[in-house]
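# Results of the structural survey
Listed below, chain by chain, are the residues.
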Amino acid sequence: MIFLNSLLVYFERQSDQSDIHTLSDAFWFMAATLATVGYGDLIPVTTGGTVIGYIFIISSLGVIGYLISTATNYIFKIMEERKLGHHGTSFTNHILIIGWNEFSRLVVEELLPTSKKIGIFVNNKDDIDRLYAQFGTENIFILYADYSNFDMLNKLNASKASVAFISLEDDAEALLYVLDFKKFYPQPTIVVSLLKSKLKETFQAAGVTYVLARNEIASKLVASYIFEPDVADMNLELISTSKFDEDNDIQEFLVTEHNPFAHKNYISAFTALKKDYQVVLLGLYKTSLKKVWTNPADDTIIEVNDYLIILANRVTKKKLVIDFGVDEGRLSKKS
């Protein structure tokens, strides 16, 4: 640049008609030309100066190309990072799905009707478009990264999640993952699906709240279909999330001080719920004992922080949410 501008001044000083007399003039002409502004206040008039002007004009194409290319690459980079979930989400009190497979897909399909926010951690880029196409973007956020990169879980706001469902294709790998996950993110409740049930107690000892063995669930259901097929059909219907207003499913509601059945006995709550809401109180989760009671004794007292386990449809659930002052489920907040 200094060499060319020095040559430009050398050539232009030989003409009385030229306005380019100093290096400052030459640099100004060069800057205006490379920026494709072309003010026309300074122009070379000599043959040598014109040749250098052509060099600047041709160079301006490279400058503009570079700027456009840089801007385009930057925009594409932002779009790609956003698509991969690297810009993060503001979801809170949400559900994390770590590990994507057919079992995870079935779980998400059951969770979607609850309108809960779901963050999905995948390690295959091809899953991203498929998942958004299938589930939409309203309550779903997808993050692509290597599962071992725990820092990336901050993009899923993992520290503010309510539940982390871990579904990996190797039980030993899942156990190691649980230990590391709890070290970085001790807040969420952890649910793990295993391929085999032999490690169930090991996972519980590692601090997993709920451990599900896929083969154990399947075997119980198959046995039920063989012996009591109607019972199996009903069980499937009741544990599935209701998708239509008339569908019944099993729901649980936290008992607060504002709950009309707090400090009441089980039979009075059972009778009132059936009479006033046309729902069935199936049992209680006693928080103090960390135990589910199915059809407990009539005089069992319903205490604050217990959970009512109720069979109801979607229409009735809306009434219960209003009267109980809480949403359905363990992820609920006071309404």
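Being a predicted model, the structure only gives us computed values, none of them experimental.

### Notes on the nonpolar core
By size, the foremost hydrophobic cluster in this structure holds 30 residues, and its most contacted members are Phe121, Leu153, Tyr177, Phe181 and Phe203. Going through the elements one at a time, strand S1 (95-98), strand S3 (140-144), strand S4 (163-166), helix H6 (171-184) and strand S5 (189-194) are the ones with two or more residues in this core. For this core, the leading source of residues is H6, giving five residues. Apart from the residues within four sequence positions on either side, Leu153 is in contact with Ile98, Phe121, Leu143, Ala158, Tyr177, Phe181 and Tyr185. Listed in part, the 20 residues of the second largest apolar core include Leu273, Tyr277, Leu308 and Ala312.

### Some remarks on the side chain of Ser18
Inspection of the secondary structure assignment puts Ser18 in the loop between helix H1 (2-12) and helix H2 (23-34). Ignoring sequence-local partners within four residues, the contact set of Ser18 consists of Glu12 and Val45.

### What about the sheet that holds strand S9 (residues 291-294)?
Pairing in this open sheet of four strands is antiparallel, and the strands run S7-S10-S8-S9 from one edge to the other. Looking at strand neighbours, the two that pair on one side only are strand S7 (248-254) and S9, the edges of this open sheet. For this sheet the average axis-to-axis angle between neighbouring strands, irrespective of direction, equals 25°. Note: strand S8 (residues 280-286) against S9, four bridges, orientation antiparallel. For Leu284, the partnering residue across the bridge sits in S9 and is Trp293. The strands that helix H10 (residues 266-277) touches are S8 and strand S10 (307-313); relative to S8, the one it contacts most, it runs at about 140°. Packed on one face of the sheet, helix H11 (residues 314-324) meets S7 and S10 and runs near 145° to S10.

### Focus: the packing of aromatic side chains
Applying the stated criterion across every chain yields a total of 15 aromatic pairs. On the numbers, 6.2 Å between centres and 80° between planes, the contact of Trp100 with Phe135 is edge-to-face. Here Trp100, found in the loop between S1 and helix H4 (102-111), pairs with Phe135, found in helix H5 (residues 126-135); they are 35 residues apart in sequence, far enough to count as distant. We classify Trp100 as buried; its relative accessible area is 18%. On the numbers, 6.4 Å between centres and 20° between planes, the contact of Tyr177 with Phe181 is stacked. Of this pair, Tyr177 and Phe181 both sit in helix H6, four residues apart, which is roughly one turn of that helix. Accessibility classification places Tyr177 together with Phe181 in one group, the buried group.

### Thoughts on unusual backbone geometry
Even without a glycine there, the phi angle at Lys290 is positive, about 50°. Here Lys290 lies in the loop between S8 and S9. Residue Lys290 is classed as exposed on the basis of its relative accessible area, which comes to 70%. The phi angle at Asn305 is positive, at roughly 80°, despite the residue not being glycine. With respect to the helices and strands, Asn305 occurs in the loop between S9 and S10.

### Re the packing of H1 against helix H3 (residues 47-83)
At their nearest, the axes of H1 and H3 sit 8 Å apart, and the two run at 150° to each other. With respect to H3, the axis of H1 lies roughly antiparallel. Both H1 and H3 take part in a crossing whose hand is left-handed. Mapping the contact onto sequence places Leu4, Asn5, Leu7, Leu8, Phe11 and Glu12 in H1 and Gly48, Gly49, Ile52, Ile55 and Phe56 in H3. Among the residues making up the contact of H1 with H3, the classes are represented as seven nonpolar, three polar and one charged.

### Here we look at the pairing of S10
Where burial is concerned, most of S10 is hidden: six out of the seven residues are buried. As defined by bridge partners, S7 adjoins S10 across seven bridges and the pair is classed as antiparallel. Each bridged residue has a counterpart across the sheet, and for Asp249 the counterpart in S10 is Ala312. Of the pairings in the sheet, the one linking S8 to S10 comprises five bridges and is antiparallel in character.

### Examining the pairing of strand S6 (residues 210-213)
Two faces, one strand: in a regular strand the side chains alternate between the faces of the sheet. Of the two faces of S6, only the one carrying Val211 and Ala213 is buried; Tyr210 and Leu212 on the other face are not. Where S5 meets S6, four bridges bridge the pair, whose relative direction is parallel. Note on S6: the bridge partner recorded for Leu194 is Ala213. Taken together, S5, helix H7 (residues 200-205) and S6 form a β-α-β motif whose crossover is right-handed.

### Notes on the sheet that holds S5
Sheet architecture is open: six strands sit in the order S3-S2-S1-S4-S5-S6, paired in parallel fashion. Across the chains shown, the open sheet's two edge strands, defined by having one partner strand only, are S3 and S6. Neighbour-to-neighbour, the strand axes of the sheet open up by a mean angle of 15°, direction not taken into account. In this sheet, S4 lies alongside S1 in parallel orientation, the contact comprising four bridges. From the neighbouring strand, Ile97 faces S4, where its bridge partner is Phe165.

What counts and how
- Residues numbered from 1 in each chain as written.
- Predicted model: local features only at pLDDT ≥ 70, side-chain atom pairs only at ≥ 80, totals over all residues.
- Heavy atoms only, no water.
- Core = buried A, V, L, I, M, F, W, Y, C linked by side-chain atoms within 4.5 Å.
- Buried < 20%, exposed > 50% of the residue type's maximum accessible area, 1.4 Å probe, protein only.
- Helix = DSSP H or I, 4+ residues; strand = E, 2+ residues; numbered from the N terminus.
- Contact = heavy atoms within 4.5 Å.
- Pairing = 2+ DSSP bridges.
- Axes fitted to C-alpha atoms, helices over the stretch in contact; angles between N-to-C directions.
- Phe/Tyr/Trp six-rings, centres within 6.5 Å; stacked < 30°, edge-to-face > 60°.
- Parallel < 35°, antiparallel > 145°, perpendicular 65-115°, else oblique.
- Left-handed = near helix turned anticlockwise from the far one by under 90°.
- Nonpolar A, V, L, I, M, F, W, Y, C, P; charged D, E, K, R; others polar.
- Right-handed = clockwise from strand over helix to strand, strands pointing away.

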